[in-house]
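# A structural walkthrough
Chain residues, written in single-letter form:
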Amino acid sequence: MNRSLPLWLVVLAGCSLADPGPTGPTREALLESLATRVFVPAYAELETASATLAAEAEGLCPDPSAKLAGVRSAWLDARVPLKRAEAWAFGPIVDLRIDSAIDFWPVRTDAVEEAIASGEEPTPQWVEAQGTATKGLPVLEYLLFDPTTDEAAIVASLDPATPEGAHRCALGSALASRVAVRAAELHDAWDPAGGDFAGRLRADGDDSPGNPSLRMAVNDVVNHTVFALQNITDMKLGRPLGDKSGGTPQPDAVESRFSDNARVDIIANLEGVEQVYLGGGGLGLADVVGPLDAELDTAIRTQIDASKVAIVGLPDPLRLAVTDDPARVRAAQDVVRELRRLFEVDVAGLLGINITLNDNDGD
């Protein structure tokens, strides 16, 4: 495992970050609390859920009719901690290229079908050697769900008695197995008993003016909170609404469109943002913002709640709503955009943080 210092800890060395002040926590205390109460537990949950998914998927080929519901349920369960963790998607998940290996989307169905038609035995090792377009949870979703057909047709597509069905169900098992391996690797990289990135996050410097590492770490936490909100407004809502296609809705750009889990994914994203801000029962960004600007703290808490309500209230499924009721989707987008602005402009300005450009637009 590569345990050298990641680039993200040093690239922002020229940025400033105001001290929290005597009434707020130290940066070290904030990072320690977030790591131990939010980040590491979420990755532990992801590891457990992914292991359950892999175990369920092992039985897919012997009996897809009996196992399909269980594998689907396990897939949905694994999405929750993964989507929450998008609010702090820095460090090992990027350095070890785990994010793209387990959650590349939108699914490129033509690439998946080409892989199935290749005739290559889809072992976990074969899956690991493939490009991002043919592995991960979105590809497994494509094999397990289809909102345009009934369950019997999906079971038939996984029938091990046919060459194509045998390949598809074996691919499903191999995909789940590799996701579990990478999720365990991610948890280990953060775990104090493993790579202890959590410990390094809070201990690679101090709060003295001559040692900026902790200031840079807090900077990155705020930046990735903003990135998660930007992904919601621009990719998960904006792209399907047609913001990048001249106003023409693009329902195929909806995340988790085969399972119709898009709203749940976004709600989990917002829960992750909420955990970073409120601290998951420990210290969060609110403990820095609140003593400096109580009005801003109240505004953020209110807007987090409003954003969750707006997403919950969207027509389901989202892939149809962007075409049938785009005004309501646009209204929810505006609510989340205001939450993004509060972090991107107000929190960043209050703490002296530079928000860097997130150029991940899904292409």
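Summary of the structure given here.

The rules behind these values
Residues numbered from 1 in each chain as written. Predicted model: local features only at pLDDT ≥ 70, side-chain atom pairs only at ≥ 80, totals over all residues. Heavy atoms only, no water. Helix = DSSP H or I, 4+ residues; strand = E, 2+ residues; numbered from the N terminus. Buried < 20%, exposed > 50% of the residue type's maximum accessible area, 1.4 Å probe, protein only. Contact = heavy atoms within 4.5 Å. Areas by Shrake-Rupley, 256 points an atom, 1.4 Å probe, with all protein chains shown as cover. Core = buried A, V, L, I, M, F, W, Y, C linked by side-chain atoms within 4.5 Å. Disulfide = S-S within 2.5 Å. 1 Å grid on protein atoms, 1.4 Å probe; cavity = no way out; pocket = protein on both sides within 12 Å on 5 of 7 lines; lining within 4 Å. Points joined across faces, edges and corners; volume = space filled by probe spheres on them. Nonpolar A, V, L, I, M, F, W, Y, C, P; charged D, E, K, R; others polar. Axes fitted to C-alpha atoms, helices over the stretch in contact; angles between N-to-C directions. Parallel < 35°, antiparallel > 145°, perpendicular 65-115°, else oblique. Left-handed = near helix turned anticlockwise from the far one by under 90°.

The next subject is the overall build of the protein. A count of helical and extended segments in the protein gives 16 helices and zero strands. Every one of the 363 residues in the protein was classed for burial, and the buried ones make up 53%. When contacts within the protein are restricted to residue pairs at least 6 apart in sequence, those whose partners lie at least 24 apart make up 78%. Within the structure as shown, the protein displays about 14500 Å² of accessible surface, and the carbon and sulfur contribution to it stands at 51%.

Let us now look at the nonpolar core. Formed by 100 residues in total, the largest nonpolar core has its most connected members in Phe 39, Trp 88, Trp 190, Leu 318 and Phe 343. Tallying contributions element by element places helix H1 (residues 27–58) first for this core, with 13 residues. Excluding anything up to four places from it in sequence, Phe 39 contacts Leu 34, Trp 88, Phe 90, Trp 190, Leu 201, Val 221 and Val 276.

This paragraph deals with the state of the cysteines. Across all of its chains, the model carries one disulfide by this definition. Between Cys 61 and Cys 169 runs a disulfide, and the two sulfur atoms are separated by 2.1 Å. Of note, the bridge from Cys 61 to Cys 169 carries an S-S torsion of about 105° and is right-handed in sense. Taken together, the residues span a long stretch of sequence, with Cys 61 in the loop between H1 and helix H2 (64–84) and Cys 169 in helix H9 (residues 163–190) at a distance of 108 residues. The exposure class of Cys 169 is buried, given its relative accessible area of 0%.

Here the focus is empty space enclosed by the protein. In the structure shown here, the tally under the stated rule is three cavities of 30 Å³ or more. By volume, the largest cavity amounts to about 70 Å³. Secondary-structure elements contributing two or more residues to the lining of the largest cavity are H2 and helix H7 (137–144). Of the residues in the lining of the largest cavity, the class split is seven nonpolar, one polar and four charged.

Further remarks concern the packing of H7 against H9. Put simply, H7 and H9 touch, their axes get as near as 9 Å, and they point 150° apart. Comparing the axis directions of H7 and H9 gives the class roughly antiparallel. Crossing hand, H7 versus H9: left-handed. Across the interface between the two elements, Leu 137, Val 139, Leu 140, Tyr 142 and Leu 143 of H7 pack against Arg 168, Leu 171, Gly 172, Leu 175, Ala 176 and Val 179 of H9. Here the contact of H7 with H9 is composed, by residue class, of nine nonpolar, one polar and one charged.

With that settled, consider unusual backbone geometry. The peptide bond linking Trp 105 to Pro 106 adopts the cis configuration, its omega dihedral lying at 0°. Across the junction of Asp 316 and Pro 317, the peptide omega takes the value 5°, indicating a cis bond. You can see Pro 317 is positioned in the loop between helix H14 (294–312) and helix H15 (318–324). Notably, Asp 196 is not glycine yet its phi reads approximately 55°, a positive angle. Residue placement: Asp 196 occurs in the loop between H9 and helix H10 (197–203). Phi is positive for Asp 260, close to 55°, though the residue is something other than glycine. Within the fold, Asp 260 resides in the loop between helix H11 (213–241) and helix H12 (262–278). Residue classification places Asp 260 among the partly exposed residues on the basis of a relative accessible area of 25%.

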